[in-house]
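# Secondary and tertiary structure notes
Now for the letters of each chain:
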Amino acid sequence: MTRRIEWPRPDYSRVPYWVYHDRPLYELELERIFRGPTWSYLCLAAEIPKAGDFITTFMGDIPVVVNRESNGEVHAFVNRCGHRGAIVRRETHGNAADHTCIYHRWCFSRQGDLVGVPFQRGVRGQGGVSADFDKRQHGLRKLRVSVYRDIVFGSLHPDTEPIEDYLGDLLRDHVASFMHKPVEVLGYQRQAIDGNWKFYNENLRDTYHASLLHEFLVTFGLDRATQKGGVKMDSRHRHNLTFAVAGSDSNEEAALAYKANQLNADKLTLRAPELLKFFPEFSDDRSLSISSMFPNVAFQRLNNSLATRQIQLKGVDRFVLVWTFFGYTDDTPELRAHRLRQMNLLGPAGFVSMEDAEAIEIAHKASDADRAAQAVIEMGGAGEISDRDYRVTDVSVRGFWSYYAELMGMEPEGAIR
């Protein structure tokens, strides 16, 4: 039986540690969130440009195949054979006319329909399936698919709202800002993190940890709490956008704010300073713009590095983070090379993100030792959950929990939204 979350405060400024570790709660999350009325990011349409192209991914912990049909339509289905439950497609990507399970060679179309069963009529009149066996009843479970601005989203719920409504004005505008022309995938990075998936969702919405945890960012002025920036959320707080403007502060101002946390800006230099170059290419002046979409993806702009970050669940205490880096098909060779260079900033060994995994793992491990205790999520003040024109705040983390509680049917009495 799933234990109900008793929130210590109605504004979600206190979160019991046990919610990161409880197996029955995790199973309920899979049902109400990842199989519930949400849209999950699956891939970029640019990853399957031609007829027959496919990619394997996950929606929560659900293995999924996404492929393109000969008419250009995109289909997605659960990557689990209807016969004995084996994974059908084990490759990360490829091109195929159909999909055949290696175990007993059941064959499925690009739409997930069962089209072939070996020995269906037996051998020499013996064996085989029953005469009333209907292949239409044994295809792969199909996802609802929406392609918005060449980003592919999937859902298993019949009543999920249209993707445009789910994204809301906030994410529609942000996605439109960087998916305004054809893109090309530049590469991938993957990392396995021993922690609960919700820790990373918090991390993405925690707008000021980066300027404390990631010293590279602060030292070289890529992201500081003293820079101009802010936090925005959609009306239901399920999505978040944090942004900053590089060069909107000074080393002196930052040194005063950080005090004991040494800035090191006057002590360290890069042998390859071109790594940090920022070529403005959008209508705003933001050098950092990261949106988090509930429940499984972030869309990032950091200088000229563009990427998606997808969360793939591997149990209550483990997830895999997949970074998909991209540029535009009309990039100059110089800009493309620069984007590839800036891939070194991010990912599991990135100069500005490798610490996230360590922080999440130590938080996960330590919180497991005292599940009765609770996290304090009160930076920037408790109470109202609303947009802020500064980033030293936990408000968007509390926004995540407010929508989480709504979907889980576990809102506290007098919940603040």
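Structure shown above.
Let us look at the structure shown here.

Cut-offs and rules
Residues numbered from 1 in each chain as written. Predicted model: local features only at pLDDT ≥ 70, side-chain atom pairs only at ≥ 80, totals over all residues. Heavy atoms only, no water. 1 Å grid on protein atoms, 1.4 Å probe; cavity = no way out; pocket = protein on both sides within 12 Å on 5 of 7 lines; lining within 4 Å. Points joined across faces, edges and corners; volume = space filled by probe spheres on them. Helix = DSSP H or I, 4+ residues; strand = E, 2+ residues; numbered from the N terminus. Nonpolar A, V, L, I, M, F, W, Y, C, P; charged D, E, K, R; others polar. Contact = heavy atoms within 4.5 Å. Polar contact = N/O pair within 3.5 Å; in protein donor to acceptor, adjacent residues only side chain to side chain. Salt bridge = Lys/Arg side-chain N within 4 Å of Asp/Glu carboxyl O. Buried < 20%, exposed > 50% of the residue type's maximum accessible area, 1.4 Å probe, protein only. Arc of directions from axis to C-beta. Expected span 1.5 Å × (residues − 1). Pairing = 2+ DSSP bridges. Axes fitted to C-alpha atoms, helices over the stretch in contact; angles between N-to-C directions.

## Some remarks on empty space enclosed by the protein
All told, the structure shown has three cavities of 30 Å³ or more when counted by the stated rule. Space inside the largest cavity adds up to approximately 280 Å³. Considering the residues around the largest cavity, the lining is formed by 20 residues, among which His209, Ala210, Asp223, Ile290 and Arg309 are closest to the centre. Listed by contribution, the elements that provide at least two residues to the lining of the largest cavity are α3 (197-205), β15 (288-293) and β16 (297-302). Broken down by class, the residue content of the lining of the largest cavity amounts to eight nonpolar, seven polar and five charged. There is about 80 Å³ of room inside the second largest cavity. Residue lining of the second largest cavity: 13 residues in total, with Glu47, Ile55, Thr57, Gln310 and Val322 positioned closest to the centre. Looking at the lining of the second largest cavity, the elements with two or more residues in it are β2 (40-44), β3 (53-59), β12 (183-193), β17 (305-313) and β18 (319-328). Partitioned by chemical class, the residues of the lining of the second largest cavity number six nonpolar, five polar and two charged.

## Focus on the environment of Asn79
The topology assignment puts Asn79 in the loop between β5 (74-78) and β6 (93-95). Sequence-wise, Asn79 and Cys101 are 22 residues apart; in three dimensions their C-alpha atoms are separated by 9.7 Å. Setting aside anything within four residues of it in sequence, one finds Asn79 in contact with Thr56, Pro63, Val64, Val65, Ala86, Ile87, Val88 and Arg89. A distance of 2.7 Å separates a polar side-chain atom of Asn79 from the backbone oxygen of Arg89.

## A short note on the pattern of salt bridges
Tallied over the entire structure, the rule returns 23 salt bridges. Glu91 is the partner of Arg89 in a salt bridge, and the nearest nitrogen-oxygen pair spans 2.8 Å. On the basis of relative accessibility, which here comes to 34%, the residue Glu91 falls in the partly exposed class. Residue Arg238 pairs with Glu161 through a salt bridge whose shortest N-O separation is 3.2 Å. A residue pair is termed long-range when its members are at least 10 positions apart, and Arg238 in the loop between β13 (229-233) and β14 (239-244) and Glu161 in the loop between β11 (151-155) and α2 (163-178) qualify at 77 residues. In this structure Glu161 comes out as partly exposed when scored by relative accessible area, which is 24%. Bridged by salt links that share partners, the residues Glu161, Asp234, Arg236, Arg238 and Glu406 form one connected network.

## Here's the deal with helix α7 (residues 333-342)
Since the α-helix turns once every 3.6 residues, residues separated by three or four places project in the same direction. Every buried residue of α7 is accounted for by Leu335, His338, Arg339 and Gln342. Within α7, the buried residues cover an arc of 100 degrees as seen down the axis, which keeps them to one side. The inward-facing, buried residues of α7 abut β12, β16, β17 and β18.

## Digging into the environment of Asp370
Mapped onto the elements, Asp370 comes out in the loop between α8 (354-368) and β19 (374-376). With 20 residues separating them along the chain, Asp370 and Gly350 place their C-alpha atoms 32 Å apart.

## Regarding helix α1 (residues 23-34)
Spanning 12 residues, α1 covers 15 Å between terminal C-alpha atoms, matching the ideal 16 Å at 1.5 Å per step. Among all positions in α1, only Leu25, Tyr26, Leu28, Glu29, Leu30, Ile33 and Phe34 are buried. Buried-residue contacts for α1 involve β2, β3, β4 (62-68), α3, β17 and α9 (395-408). Among the residues of α1, the N-terminal cap falls to Asp22, whose side-chain oxygen and the backbone nitrogen of Leu25 are separated by 2.9 Å.

## Details of the sheet that holds β11
Read across the sheet, three strands follow the order β2-β11-β10 without closing on themselves; strand pairing throughout is antiparallel. Whereas interior strands pair on both sides, the edge strands pair on one side only; in this sheet they are β2 and β10 (144-148). The sheet shows a mean angle of 30 degrees between the axes of neighbouring strands, taken without regard to direction. Sheet topology note: the β2/β11 ladder contains four bridges and is antiparallel. For Ser40, the partnering residue across the bridge sits in β11 and is Gly154. Across the sheet, α2 is in contact with β10 and β11; its angle to β10 comes to roughly 25 degrees.

## Section: the sheet that holds strand β7 (residues 99-100)
Read across the sheet, three strands follow the order β7-β8-β9 without closing on themselves; strand pairing throughout is antiparallel. Each edge of the open sheet is held by one strand with a lone partner, namely β7 and β9 (114-116). Here β7 runs beside strand β8 (residues 107-108); their pairing, made up of two bridges, is antiparallel. By the bridge assignment for β8, Thr100 is matched with Cys107.

Structural measurements only, silent on function.
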